[in-house]
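# Fold and geometry: a report
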Amino acid sequence: DALQHASSELRGDRDIVLTAVSLSGGALQYASEELRHDREVVLAAVRQTTEAFDFAAPELRGERDLIRACVGSRASVLRDATMEIREDREFVLDAVARNGACLEFAAEALLADDAFMAEALAQGQGHDRDAVLAAVKQRGSLFQHASEELRSDRVFVLECVA
């Protein structure tokens, strides 16, 4: 990234950094500290690559829009979200709909809630091998919400009962 070799003054230039992160989200790591706190700059970076989330200012990592922009391709972003977000039933259901692996990072209270788990699997994640396995490991009775295909998959069933 060219931004890496730019002067510190130019790494603090909002227009230059916004252009750079729009083309290569990873350029956020070379942006000034001030611009790593700039919500618009960080959002442009994570829309380009979710890896840019790692370079955002810590307080922005709790921003719902940023997390929502990342979870579709990187479930672990939910793990690093605030507990408030991980406990938010609707937010987590939306994240799980985007990426079934997000279920693993829901707050314990949600994972212990049979109604929540059934809803998460019923909204289409019953086909998602990882989501179903995570749910069944929490509560075996949730296996009933797995797709017929998974319930008929010998290897998968062995994973669930092990």
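Preceding this paragraph is the structure being described.
Another point: the pattern of salt bridges. Here the structure, examined in full by the defined rule, presents 16 salt bridges. Across the salt bridge formed by Glu119 and Arg89, the nearest N and O atoms sit 3.1 Å from each other. Within this pair, whereas Glu119 is found in helix H10 (residues 114-122), its partner Arg89 is found in helix H8 (residues 89-98), the two being separated by 30 residues in sequence. Since its relative accessible area comes to 34%, Glu119 is described here as partly exposed. In this structure Arg89 comes out as partly exposed when scored by relative accessible area, which is 26%.

A few words now on the environment of Asp88. If you trace the backbone, Asp88 turns up in the loop between helix H7 (83-86) and H8. For the pair formed by Asp88 and Ala107, sequence separation is 19 residues and the distance between their alpha carbons is 8.5 Å. Beyond its immediate chain neighbours, meaning those up to four positions away, Asp88 contacts Arg64 and Leu110. At 2.8 Å, the side chain of Asp88 forms a polar contact with the side chain of Arg64.

A separate point is the packing of aromatic side chains. Centre-to-centre distance and the angle between the planes together describe a pair of aromatic rings. Counting across every chain of the model gives one aromatic pair. Geometrically, the ring pair formed by Phe143 and Phe156 is stacked, given 6.4 Å between the ring centres and 20° between the ring planes. Taken as a pair, Phe143 in the loop between helix H11 (129-138) and helix H12 (148-151) and Phe156 in helix H13 (residues 154-161) lie far apart in primary sequence, 13 residues in all.

About the cut-offs
- Residues numbered from 1 in each chain as written.
- Predicted model: local features only at pLDDT ≥ 70, side-chain atom pairs only at ≥ 80, totals over all residues.
- Heavy atoms only, no water.
- Salt bridge = Lys/Arg side-chain N within 4 Å of Asp/Glu carboxyl O.
- Helix = DSSP H or I, 4+ residues; strand = E, 2+ residues; numbered from the N terminus.
- Buried < 20%, exposed > 50% of the residue type's maximum accessible area, 1.4 Å probe, protein only.
- Contact = heavy atoms within 4.5 Å.
- Polar contact = N/O pair within 3.5 Å; in protein donor to acceptor, adjacent residues only side chain to side chain.
- Phe/Tyr/Trp six-rings, centres within 6.5 Å; stacked < 30°, edge-to-face > 60°.

What is shown is where atoms sit, not what they do.
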